[in-house]
Amino acid sequence: MNDGRDKATQKVEPDRLRFLTSITKMLAEATTEYERVLDMIVEQTARFLDASVVLGLLSADRASWLPMAQFTEDVVVQRALQRLLERGGIPINQALLARFAARIGQPTVAHAPFPDALRSSMNADVLATFEQIGTRSIALTPLGVVGEVLGTLTVLRVGEDARPFDDEDLDLLRGLAGHASQAIANARLVDAMRRELDEHARTRKALAASEAKALQLQRMEAIGRLAGSVAHDFNNLLSVISSYADMVHDELPEDDERRAATEEIMIASRRAAEVTRQLLAFSRQQVLQPQEIALNRVVVGLEKMLQRLLGEDIDVRTRLARDLLPCKVDASQMEQVLLQLVINARDAMPFGGRLTIETSNVHIDEAYVAEHPEATVGPHVMLSVTDSGFGMDADTVHRIFEPFTPKLASPRSGLGLSSVYGIVRQSGGSIAVESAVGKGTTMRVYLPRIEPSPSSRRGGVASLPLPSAERVLVVQPDRHLANLLRELLERANYGVHVVADEGEAILLAQQRTTHIDLLLCDLDALRMRVASFSQRLRQAWPELRTLGLASFVVSSSDVSPDIGAHVLAKPITPDALLKGVQDLFEA
């Protein structure tokens with residue numbers, strides 16, 4: 001009898017040694033891959049012990065077990081264990097942690113029905129799951145190194161016919177626990193070192209990028225000083241050339257052929273003077289006349305010119321912040337900035353496209369300044385121009401504001417974007433470019449914003465045509481007046497839908513294909529009372545506001561209560577119309 005037992009023990013011992021040797025080799029090879037080490041421990045333990053395995057690791061705050069991996073071929077058991085793992089961390093108290101620290105590498109075995117001591121120390125969810133899947137025997141081994149607990153290796157045998165864990169199994173778990181603990185500790189160390197190296201690499205990359213931007217700024221500063229010096233000297237020469245040309249021109253008889261030559265000299269002098277002005281703008285040495293303005297006024301004031309400049313092939317859209325705060329800049333110079341940005345966008349879209357001009361209040365934080373050293377922390381006003389053109393590669397973006405940059409320069413002087421850069425920087429702002437080949441370009445100008453003065457609060461900032469997400473339904477049979485109303489409202493960036501009479505308006509409401517916020521109707525032309533008309537429209541648009549146009553005194557019986565005094569007398573003026581619409585939306 002004893003001989004048979006000894007033979008069985010002799011057979012098991014080589015198998016256990018071969019297993020431990022093979023898993024030690026595998027774990028050593030997988031040390032650099034943390035997740036692979038965990039999966040390997042679980043799978044090899046489950047295979048050799050013919051059991052289900054759950055590996056839990058101690059959380060960073062040492063307050064819970066974080067189930068990391070589980071293995072079983074039984075689908076029912078697998079799903080139950082997976083649900084347990086998905087619940088996240090399992091709370092653990094310090095007393096139990098201390099007991100685990102004292103028993104690192106020593107398995108604890110319990111067989112069903114589980115004793116009260118195990119029930120009282122085990123998490124209720126875990127115990128319920130183990131009982132639900134019909135656990136026959138549990139072997140729990142604390143894992144750790146040098147007295148530090150890393151986690152637990154829990155091995156389960158499930159089913160009534162399952163063999164309970166015996167001494168041979170426990171010997172194997174003891175040997176495995178040491179190898180697994182060391183492999184986990186090594187893998188964690190390698191993983192931490194890799195993360196630290198990655199962080200160092202990111203830091204070095206960010207530092208290199210910051211140094212490159214700082215060098216670029218220094219380069220731009222040096223070029224700017226040189227350009228300013230050249231411009232001043234060139235202005236002196238131009239003064240002499242143009243003055244003498246003018247004097248000679250005045251002294252020559254009207255029929256003298258040389259007058260044409262002197263006129264060409266004066267024309268060339270004026271063109272050269274424009275180049276010097278751009279050089280001075282780039283070098284930030286021009287004389288500015290800053291004043292408190294809202295950038296929305298710059299955009300609106302140039303809107304018609306920009307449309308003519310861009311042509312019909314380019315769709316121009318504006319998104320102007322309603323609450324845009326003012327900034328202190330030279331208005332004429334900001335017009336030049338916007339014109340140059342738009343011209344640059346146009347040149348990038350020779351076959352047409354979409355151009356968007358946007359304004360907004362922004363706050364520049366320290367993270368942005370770290371990436372853009374020329375910027376400053378604080379509240380700013382942003383003006384951006386976005387095109388759907390060819391876009392630029394990173395090298396071109398890096399050099400975009402240098403004078404005479406190929407393909408980006410003004411056809412006349414090569415200083416268009418350079419002067420934009422100088423104006424913005426001299427105004428205390430910064431400019432950023434975002435572009436990629438084939439994906440268009442966005443140029444954002446940031447200018448320090450200021451609190452509006454009392455005069456500007458009383459003045460025209462509020463009456464400025466501002467953008468809106470609201471849509472206006474215009475009911476107007478007169479085509480010329482309808483076109484006027486559409487143009488005025490669209491210039492103020494309201495969405496506009498025009499119909500000829502109330503029948504078309506009601507049909508539009510029944511179709512419910514668009515949303516309308518305000519009804520602008522001609523009370524002189526309505527065939528039905530505005531009260532019943534607006535009531536029918538509110539079936540589709542419950543929050544509809546109504547504004548009427550009338551050339552006569554409207555009686556109370558003709559006007560719904562919600563209109564009241566919201567009637568504009570014809571002939572209307574643009575200011576009165578926009579103020580009436582804005583007042584209704586702000587009411």
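Residues numbered from 1 in each chain as written. Predicted model: local features only at pLDDT ≥ 70, side-chain atom pairs only at ≥ 80, totals over all residues. Heavy atoms only, no water.

Enquirer: Explain the overall build of the protein chain to me, using residue names and the numbers behind them.
Expert: Along its length, the protein chain carries 18 helices and 18 strands. Counting contacts in the protein chain only where the partners sit at least 6 residues apart, residues at least 24 apart contribute 71% of the total. (Helix = DSSP H or I, 4+ residues; strand = E, 2+ residues; numbered from the N terminus. Contact = heavy atoms within 4.5 Å.)

Enquirer: Help me get a handle on the pairing of strand β5 (residues 135-145), residues and values and all.
Expert: Within β5, 9 of the 11 residues are buried, which leaves the element mostly enclosed by the surrounding structure. Where strand β4 (residues 108-111) meets β5, 4 bridges bridge the pair, whose relative direction is antiparallel. The residue of β5 that forms the bridge with Thr108 is Leu140. In sequence, β5 turns back onto strand β6 (residues 148-158) through a hairpin of 2 residues, with Val146 there showing a positive phi of about 50°. (Buried < 20%, exposed > 50% of the residue type's maximum accessible area, 1.4 Å probe, protein only. Pairing = 2+ DSSP bridges.)

Enquirer: Quick rundown of the nonpolar core? Include the residues and the values.
Expert: Residues Leu295, Leu338, Leu341, Leu355 and Ile357 are the most contacted members of the largest nonpolar core, which totals 39 residues. Only α9 (295-310), β9 (327-329), α10 (331-347), β10 (353-364), β11 (378-387), α13 (416-426) and β13 (441-448) provide two or more residues apiece to this core. By size, the runner-up hydrophobic cluster in this structure holds 28 residues, among which are Val37, Val145, Val155 and Leu176. (Core = buried A, V, L, I, M, F, W, Y, C linked by side-chain atoms within 4.5 Å.)

Enquirer: Describe in detail helix α17 (residues 530-537), supporting the description with residues and values.
Expert: Every buried residue of α17 is listed here: Val530, Phe533, Ser534 and Leu537. Looking straight down α17, one finds its buried side chains confined to an arc of 90°; they lie on one side. On its buried face, α17 sits against β14 (471-475), α16 (502-511), β16 (518-522) and β17 (545-550). (Arc of directions from axis to C-beta.)

Enquirer: Describe helix α15 (residues 479-491), with residues and values.
Expert: With 13 residues, α15 extends 18 Å between its outermost C-alpha atoms, agreeing within 8% with the 18 Å of an ideal straight helix rising 1.5 Å per residue. Within the span of α15, buried status applies to Leu481, Ala482, Leu485, Leu488 and Leu489. Viewed along the axis of α15, the buried residues span an arc of 135°, placing them on a single side of the element. Every exposed residue of α15 that faces more than 90 degrees away from the buried side is listed here: Arg479 and His480. Packing partners of the buried residues in α15 comprise β14, β15 (495-499), β16, β17 and α18 (574-586). Positive phi appears at Asn493, one or two residues downstream of α15, with a value of about 70°. (Expected span 1.5 Å × (residues − 1).)

Enquirer: How would you summarise the pairing of β11 if you had to cite specific residues and measurements?
Expert: Walk down a regular strand and you will see the side chains alternate between the two sheet faces. With 8 of its 10 residues buried, β11 lies for the most part within the structure. The sheet contact formed by β11 and β13 spans 8 bridges and is antiparallel. Bridging across to β13, His380 finds its partner in Pro448.

Enquirer: How would you sum up the sheet that holds β13? Please name residues and give values.
Expert: The pairing of strands in a sheet happens through backbone hydrogen bonds and is either parallel or antiparallel. Pairing is mixed across the open sheet formed by 5 strands, whose spatial order is β8-β10-β11-β13-β12. Edge positions in the sheet fall to β8 (314-319) and β12 (430-435), since each of these pairs with one other strand and no more. In this sheet, neighbouring strand axes are inclined to one another by 20° on average, regardless of whether the strands run parallel or antiparallel. The pairing of β10 with β11 spans 10 bridges and is classified as antiparallel. By the bridge assignment for β11, His363 is matched with Pro379. Strands β8, β10, β11 and β13 of the sheet are contacted by α9, whose axis makes an angle of about 175° with β8. (Axes fitted to C-alpha atoms, helices over the stretch in contact; angles between N-to-C directions.)

Enquirer: Give a description of the packing of α15 against α18 that names residues and reports values.
Expert: It is the contact of α15 with α18, at a shortest axis distance of 11 Å, that shows an interaxial angle of 60°. At the point where α15 passes α18, the crossing takes the right-handed sense. On the side of α15, the interface is formed by Leu485, Leu488 and Leu489, while α18 contributes Pro574, Leu577, Leu578 and Val581. Of the residues contributing to the contact of α15 with α18, the split by class is 7 nonpolar, no polar and no charged. (Left-handed = near helix turned anticlockwise from the far one by under 90°. Nonpolar A, V, L, I, M, F, W, Y, C, P; charged D, E, K, R; others polar.)

Enquirer: An account of the packing of α16 against α17 is requested, with residue identities and associated values reported.
Expert: At their nearest, the axes of α16 and α17 sit 9 Å apart, and the two run at 20° to each other. Taken together, the axis directions place α16 and α17 in an arrangement best described as roughly parallel. From α16, Glu502, Ala505, Ile506, Ala509 and Gln510 reach across to α17, where they touch Phe533, Arg536 and Leu537. A breakdown of the residues in the contact of α16 with α17 according to their chemical character gives 5 nonpolar, 1 polar and 2 charged. (Parallel < 35°, antiparallel > 145°, perpendicular 65-115°, else oblique.)

Enquirer: Mind laying out the packing of aromatic side chains, listing which residues take part and the relevant values?
Expert: According to the stated counting rule, one finds 2 aromatic pairs in the structure shown. For the pair Tyr368 and Tyr446, a centre-to-centre distance of 5.7 Å together with 65° between the ring planes defines the contact as edge-to-face. Of this pair, Tyr368 sits in helix α11 (residues 366-371) while Tyr446 sits in strand β13, and the two are 78 residues apart along the sequence. Take Tyr368 and Tyr446: they sit in the same class, and that class is buried. Taking 5.8 Å as the distance between ring centres and 20° as the angle between the ring planes, the aromatic pair formed by Tyr494 and Phe585 counts as stacked. Note that Tyr494 is positioned in the loop between α15 and β15 and Phe585 in helix α18, a separation of 91 residues in sequence. By the burial criterion, Tyr494 is buried, and Phe585 matches it. (Phe/Tyr/Trp six-rings, centres within 6.5 Å; stacked < 30°, edge-to-face > 60°.)

Enquirer: So what about the side chain of Thr154? Which residues, and what values?
Expert: Residue position: Thr154 is located in strand β6. With relative accessibility at 8%, the residue Thr154 sits in the buried group. Among residues more than four places away in sequence, those in contact with Thr154 are Ser52, Val53, Val54, Phe130, Ile138, Ala139 and Leu140.

Enquirer: Describe the confidence of the model for the protein chain, naming the residues involved and giving the relevant values.
Expert: Residue-level pLDDT values for the protein chain average 76, and 74% of them are 70 or greater. In this model residues 455-467 is a low-confidence stretch, pLDDT under 50, and it forms 27 contacts with partners more than four residues away in sequence or in other chains. Overall, residues 553-558 carries pLDDT values under 50, and its contacts beyond four positions in sequence, including any with other chains, amount to 7 contacts. (pLDDT = per-residue confidence, 0-100.)

Enquirer: Could you give me a rundown of the pattern of salt bridges, with the residues and numbers involved?
Expert: Under the criterion given, the structure shown has 11 salt bridges. Notably, a salt bridge pairs Arg346 with Asp347, separated by 3.4 Å at the nearest N-O pair. On the basis of relative accessibility, which here comes to 28%, the residue Arg346 falls in the partly exposed class. Owing to a relative accessible area of 40%, Asp347 belongs among the partly exposed residues under this scheme. (Salt bridge = Lys/Arg side-chain N within 4 Å of Asp/Glu carboxyl O.)

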